[in-house]
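Secondary and tertiary structure notes
Chain residues, written in single-letter form:
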Amino acid sequence: MTEISPLDQARILSEALPHMQQYDEETIVIKYGGHAMGDEETAKNFARDIVLLEQTAINPVVVHGGGPQIATMLKRLGIVSEFAAGLRITDAATIEIVEMVLAGSVNKQIVGYINEAGGKAVGLSGKDANMVKASKTTRTIIDPDSHIEKAVDLGFVGDPEKVDLTLLNQLIGYELIPVLAPLATSKDGQTLNVNADTFAGAVAGALKAKRLLLLTDVPGVLDKSKKLIPQLSVKDARKLIADGTISGGMIPKVETCIYALEQGVEGVVIIDGKMQHAVLLELFTNTGTGTLIHK
Ligand SMILES: Nc1ncnc2c1ncn2[C@@H]1O[C@H](COP(=O)(O)OP(=O)(O)O)[C@@H](O)[C@H]1O
Ligand SMILES: CC(=O)N[C@@H](CCC(=O)OP(=O)(O)O)C(=O)O
């Protein structure tokens, strides 16, 4: 690493001041994707960045994924898992593992890293205090053989319907950092697996967050020739989904951005979470690194 002189360090801090003022006392929702978690050093740097936000009077709320971590555990147990429209088809055996991995190992690891960095993280899922109520998801896909639209049963997968902020409001603004696993409860008490991007969008929308950052493993939304699109309007985003340029896990991500904008979140960005200090770069410098989605 190149050495930075003390004066340059002071300049860098000073240049961050207007950004810190812009976000003073504001809530920022950070979705930390399973692919973005990367190695231990990157994960620990992410945790330090979150604590730094809290220290500068910003209220961070972390929503995490864990798709690859769920896949590893399912494989170890010999359970086959399939996706439709970017969502995991979740049967009774799968939901047990999804909850174990998301609310257990992944959530507690992030909480541990944030607390190790001096923060006060509180690990929860959308089931706690009935924070997120969801209804079973229905999706139609184009059958690859017949090319005809067909409905798919995704099993125990939910779309958030209602976010109750009672518990989050007890934490936000009290130096406590909520770390949320994307699980919800249905009306009849069933645990539902929610895509983490969708969950983050619902929480950011309910909180009227200033920013929603979606951290993933690619630089942002890429065009057909795999070049980064720095800014994307809602209209163009919809076109790219329709023509297949945006596919798989990027679909719920972009749909989340559109939903969050409609709900009044001021700025939504998709950034590469594997980049060291991605969160600080995005919030405290003039360098926008990923894709900004706008109306
Ligand atoms: N147009 C696109 N631009 C960027 N990534 C895309 C695009 N279309 C599909 N993807 C895929 O979406 C993935 C990100 O979604 P996902 O795997 O669900 O990430 P995460 O675990 O961070 O939520 C990328 O790794 C990439 O393979
Ligand atoms: C319904 C559905 O697909 N749920 C996701 C939840 C985790 C997730 O979204 O994790 P990433 O953000 O790392 O992709 C899943 O089971 O993989």
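Look up a bit, the structure's there.
Everything numeric here is computed off the predicted structure, so don't read it as measured data.

1. Details of the environment of aspartate 143
One can find aspartate 143 in the loop between strand E6 (132-142) and strand E7 (149-163). Residue contacts for aspartate 143: discarding those within four places in its chain leaves Ile148 and Lys150.

2. Here's the deal with the sheet that holds strand E14 (residues 291-294)
The strand order across the open sheet built from 8 strands is E5-E8-E2-E1-E11-E13-E14-E12, with neighbouring strands paired in mixed fashion. Lying at the two open borders of the sheet, with one neighbouring strand each, are strand E5 (121-125) and strand E12 (231-233). Direction aside, neighbouring strands of the sheet carry axes that sit 20° apart on average. Note: strand E11 (residues 211-216) against strand E13 (residues 267-272), 6 bridges, orientation parallel. Within E13, the position partnered with leucine 212 by the bridge is valine 268. Along the sheet, helix H4 (residues 92-116) makes contact with strand E1 (27-32), strand E2 (59-64), E5 and strand E8 (177-181), crossing E8 at roughly 160°. Against the sheet, helix H6 (residues 196-207) touches E1, E2, E8 and E11, its axis set at about 175° to E1.

3. Concerning the environment of glutamate 266
One can find glutamate 266 in the loop between helix H8 (250-262) and E13. What makes glutamate 266 exposed here is its relative accessible area of 53%. As for glutamate 266 and isoleucine 58, which are separated by 208 residues in sequence, their C-alpha atoms are 15 Å apart. With residues near it in sequence (within four places) discarded, glutamate 266 still touches Ala209, Lys210, Arg211 and Leu261.

4. Points about the site of ligand 2
The local shell around ligand 2 holds 15 residues, among which Lys31, Gly34, Arg88, Asn193 and Ala196 are the closest. Glycine 66 is positioned such that a nitrogen or oxygen atom in its backbone is 3.0 Å from an oxygen atom of ligand 2. Between an oxygen atom of ligand 2 and a main-chain N or O atom of alanine 196, the distance comes to 2.9 Å. Isolated, ligand 2 exposes 430 Å² of accessible area, and the fraction of that covered by the protein chains is 92%. Taken together, the elements giving at least two residues each to the shell around ligand 2 come down to helix H3 (67-76) and strand E4 (87-88). If one sorts the elements of the shell around ligand 2 by residue count, H3 sits on top with 3 residues. Considered class by class, the residues forming the shell around ligand 2 number 6 nonpolar, 7 polar and 2 charged.

Parameters and conventions
Residues numbered from 1 in each chain as written. Chains lettered and ligands numbered in written order. Predicted model: local features only at pLDDT ≥ 70, side-chain atom pairs only at ≥ 80, totals over all residues. Heavy atoms only, no water. Helix = DSSP H or I, 4+ residues; strand = E, 2+ residues; numbered from the N terminus. Contact = heavy atoms within 4.5 Å. Pairing = 2+ DSSP bridges. Axes fitted to C-alpha atoms, helices over the stretch in contact; angles between N-to-C directions. Buried < 20%, exposed > 50% of the residue type's maximum accessible area, 1.4 Å probe, protein only. Near = heavy atom within 4 Å. Polar contact = N/O pair within 3.5 Å; in protein donor to acceptor, adjacent residues only side chain to side chain. Areas by Shrake-Rupley, 256 points an atom, 1.4 Å probe, with all protein chains shown as cover. Nonpolar A, V, L, I, M, F, W, Y, C, P; charged D, E, K, R; others polar.

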